[in-house]
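Remarks on the overall topology
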Amino acid sequence: MPVFSYKGRSARGELVQGTLEGAESGAIADQLMNTGITPTEIKMTRAATVKTENSGGWQINLTEKKVDPLELMLFSRQMYTLLKAGVPIMRALAGLQESSQNPAFSAMLQDLRESLDSGRELSIAMRRHPKIFSPFYVNMVQVGEMTGMLDQTFLRLYDHLEFEKDMGERIRSAVRYPMFVIIAMAIAIVIVNIFVIPAFVKVFEGFHTELPLMTRILMGFSAFMVQYWPLLLAGMVAAAVAFRSWINTVDGRYRWDHYKLQLPIAGRIIFKATLARFARSLALSFKSGIPIVQGLNTVGMVVDNEYMRSKVEQMRDGVERGESILRTAAATGVFNPTVLQMIAVGEETGDLDGLMFEVAAMYEREVEYEVKTLSANIEPIMIIALGVLVLILALGIFLPMWDLGKAVLHK
């Protein structure tokens, strides 16, 4: 029987991992759910993968198209429309399967239909596909099944996925411009040192005089790059691999996610976008009827930042001890006084979900403003950096020629 390795979260949100034997990943997911563990990743071990390769399964995995988040978003919207119109869920899934152009998504819908036909609930069937349906998504569907509002749940999930997509695009657009400028400057430095400065070195050697300090520094750095560029390239690759390995560790990911929030300009955008994602997800879970502790647990899995996830888990632990949400939120140190005041009013009036939506909207507006003003904020920094680069090159290359011209004039 194949052996599967799994990662998941316990009822307290603690990370759990191990291996289990089972006929398929769905059976492993059912086993974990029965023990109170929410699986986040299930995959075959290397030994089981070798067995499937002999049957050609590896070819399917290589050629199979992955499920795009946009497909999941459209699936949620279509399920809401079909269920609201009174279409039975089995017929709705069959219709979506027939219209799907993605074999992987079609196979997932077929598995959902077979699971429902065998008596499983939709949320349990979705847990068999942790790479497609997040724990937050599955928990929302489970609450919709319990409350009889599955159609409205799919509509809220559609809004949530659309919001997540919009936030992701805003963050990418925020960091795209500075990264492009930094990469362009790095390429310019490499070209100048490998191709431009060596051409001037032959001219400077004909002066037979002591060159200025800046020129000697540029010539030495250029000679080093020309001679040792394979070692420099290998060092950069090794540094990139080491960095990827470091951020894949628990401590490395936590430190890197914390550092990203402290970056001079982009850090503010990432921080506010993360808080907007947290506030909207929490409001959505409250509005759907998920208990506070369970809601904080599932929201912690949604937040794509280990540092913020630790703060959410801190809030969850505080609520479990009987503390108020306001007190636990204030103890994290990540919310400003305005947000804390809105949380206090929400707890007092019982409209915490509505006010959390307001908090999310406030952070969304701030993110939009930060993105729009990003160019204005970063242009002075880029201009200064380019000016320093041009000044160094001018002093190093043209200063000897200037000195030579003055010597000729004095003769």
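Quick caveat: nothing in here was measured; it's all calculated off a predicted structure.

Moving on, we get to the packing of aromatic side chains. Using the criterion set out here, one finds ten aromatic pairs in the structure. Cluster of aromatic residues (ring-pair linked, three or more members): Phe75, Phe105, Phe133, Tyr137 and Phe154. Residue placement shows arginine 77 over the ring face of tyrosine 158; its charged tip is 5.5 Å from the ring centre.

Attention now goes to the pattern of salt bridges. For the structure shown, the criterion picks out twelve salt bridges. Residue aspartate 317 pairs with arginine 316 through a salt bridge whose shortest N-O separation is 3.0 Å. A salt bridge links glutamate 323 to arginine 321; the shortest N-O distance between them is 3.5 Å. Classification of glutamate 323 as partly exposed rests on a relative accessible area of 26%. What you see here is one network of salt bridges that share partners, running through Arg268, Lys272, Glu366 and Glu370.

Here the focus is the packing of helix α5 (residues 89–99) against helix α6 (residues 103–117). The interhelical angle for the contact between α5 and α6, taken along N-to-C directions, is 160°, at an axis separation of 9 Å. Relative to α6, the element α5 lies roughly antiparallel. Viewed along their axes, α5 and α6 form a crossing whose handedness is left-handed. Residues Ile89, Met90, Leu93, Ala94, Leu96 and Gln97 of α5 lie in contact with α6, whose contacting residues are Ser106, Leu109, Gln110, Leu112, Arg113, Leu116 and Asp117.

Along helix α11 (residues 250–260), the residues classified as buried are Gly252, Asp257 and Lys260. One side of α11 holds all its buried residues, which, seen down the axis, span an arc of 125°. Away from its buried face, by an angle of more than 90 degrees, α11 presents the exposed residues Val250 and Arg255. On the buried face of α11, the contacting elements are α10 (213–247), α12 (266–287) and α14 (306–320). At the N-terminal end of α11, a side-chain oxygen is found 3.1 Å from the backbone nitrogen of glycine 252, two or three residues along, and the residue is threonine 249.

To continue, consider the nonpolar core. Note that soluble globular proteins tend to have their nonpolar side chains buried in a common cluster. Within the largest apolar cluster, 77 residues are counted, with the highest numbers of intra-cluster contacts made by Phe75, Met126, Phe133, Tyr137 and Phe154. For phenylalanine 75, the residues in contact, after removing those within four places along its chain, are Leu93, Leu96, Phe105, Leu109, Met126, Phe133, Tyr137 and Phe154. Core analysis: the next-biggest nonpolar cluster, separate from the first, contains eight residues, Val192, Leu211, Leu218 and Met219 among them.

About the cut-offs
Residues numbered from 1 in each chain as written. Predicted model: local features only at pLDDT ≥ 70, side-chain atom pairs only at ≥ 80, totals over all residues. Heavy atoms only, no water. Phe/Tyr/Trp six-rings, centres within 6.5 Å; stacked < 30°, edge-to-face > 60°. Lys NZ or Arg CZ within 6 Å of the ring centre and 35° of its normal. Salt bridge = Lys/Arg side-chain N within 4 Å of Asp/Glu carboxyl O. Buried < 20%, exposed > 50% of the residue type's maximum accessible area, 1.4 Å probe, protein only. Axes fitted to C-alpha atoms, helices over the stretch in contact; angles between N-to-C directions. Helix = DSSP H or I, 4+ residues; strand = E, 2+ residues; numbered from the N terminus. Parallel < 35°, antiparallel > 145°, perpendicular 65-115°, else oblique. Left-handed = near helix turned anticlockwise from the far one by under 90°. Contact = heavy atoms within 4.5 Å. Arc of directions from axis to C-beta. Polar contact = N/O pair within 3.5 Å; in protein donor to acceptor, adjacent residues only side chain to side chain. Core = buried A, V, L, I, M, F, W, Y, C linked by side-chain atoms within 4.5 Å.

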